[in-house]
Amino acid sequence: MLIKFFPNGKGAGAGPVGYLVAERVLAYDGNRDLIRDAEGQPLMVTRDPLPEVLRGDPSRTEALIDASRHQWTYRAGVISFAAEDAPSEAQQAEVMVAFEQLAFAGLDGEQYDMLWVRHSHEDRVELHFCTPRLDLSSGRSMNIAPPGYQTAFDSFRDLMNQAHGWADPMDAHRAQEVQPVLETPQ
């Protein structure tokens, strides 16, 4: 299991929420490069199986993001499992609950909104999350991943991987060779 926070977070809620629940998305190859047709137009694929909303309400999350008056309006990311991990429904629920306890430590459930959507169209389980950067009781900005956040979420990842025997992304045997490629303007 690994946890990744996406770098974006500004703008309307239709972008992040729409991506999470969309049936059709842009097609990418194994290197995450966009696949294009003969005319150079990006190809679309239908997710199979379709995304599943596990917790939260996409319409509510989108409306709360749109209502934010702050520059940074949302925080999104994914908890991704290796194909061999195959977490059960109960284990996925455990991960979501524990993640929220860490991300929203000290807050009541009425103070935040969290949308969880499961993607399994790439032959592995991905738990995508999106939350408005907003304390619902005060209207103040709230960032679940402030500077230095990585240490706490890395510890959470390591704890879950150890407890369940899931693949550790930090394992040296899982490392991939990367060769730098120099690109010239030509």
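Structural data are supplied above this passage.
Residues numbered from 1 in each chain as written. Predicted model: local features only at pLDDT ≥ 70, side-chain atom pairs only at ≥ 80, totals over all residues. Heavy atoms only, no water.

A. A look at the overall build of the protein. Counting secondary structure elements, the protein contains 4 helices and 7 strands. Secondary structure elements of the protein occur, N-terminal to C-terminal, as β-α-β-β-β-α-β-α-β-β-α. The C-alpha atoms of the protein give a radius of gyration of 18 Å, which matches the 16 Å a tight globule of 186 residues would have. Across its three principal directions, the C-alpha atoms of the protein cover 50 × 40 × 35 Å. Across the 186 residues of the protein, 37% fall into the buried class. A fraction of 72% describes how many contacts in the protein between residues 6 or more apart in sequence connect residues 24 or more apart. (Helix = DSSP H or I, 4+ residues; strand = E, 2+ residues; numbered from the N terminus. Rg over C-alpha atoms; globule rule 2.2 N^0.38 Å. Buried < 20%, exposed > 50% of the residue type's maximum accessible area, 1.4 Å probe, protein only. Contact = heavy atoms within 4.5 Å.)

B. Looking closely at the nonpolar core. Counting 24 residues, the largest nonpolar core has M1, I79, V95 and F99 as its most contacted members. Elements with a minimum of two residues in this core: β1 (2-5), α3 (89-103), β7 (126-132) and α4 (149-164). Tallying contributions element by element places α3 first for this core, with 5 residues. The contact partners of V95, leaving out residues within four places of it in the chain, are M1, I79, F81, L127, F156, M160 and W166. I65, Y74, L115 and C130 belong to the second largest nonpolar core, which has 8 residues in total. (Core = buried A, V, L, I, M, F, W, Y, C linked by side-chain atoms within 4.5 Å.)

C. Local environment of helix α1 (residues 14-21). Every buried residue belonging to α1 is among P16, V17 and L20, and all of these are buried. Viewed end-on, α1 has its buried residues packed into an arc of 90 degrees, placing them on one side of the element. Contact partners of the buried residues in α1: α2 (58-67), β5 (74-80), β6 (115-119) and β7. (Arc of directions from axis to C-beta.)

D. Geometry of the pairing of β6. Counting buried positions along β6 gives 5 out of 5 residues, so the element sits mostly inside the fold. Here β6 shows a buried face lined by L115, V117 and H119 and a second buried face lined by W116 and R118. With 3 bridges joining them, strand β4 (residues 52-55) and β6 adopt antiparallel strand pairing. Opposite E52, over in β6, you have R118 as the bridge partner. Count of turn residues in the β6/β7 antiparallel hairpin: 6 residues, of which D123 carries a positive phi of about 65 degrees. (Pairing = 2+ DSSP bridges.)

E. Summary view of the sheet that holds β6. Strand order in the open sheet formed by 5 strands is β1-β5-β7-β6-β4, with antiparallel pairing between adjacent strands. Each having just a single partner strand, β1 and β4 make up the two edges of the open sheet. The mean inter-strand angle of the sheet, taken between neighbouring strand axes irrespective of direction, is 25 degrees. One ladder, built from 4 bridges, connects β1 with β5; its direction is antiparallel. (Axes fitted to C-alpha atoms, helices over the stretch in contact; angles between N-to-C directions.)

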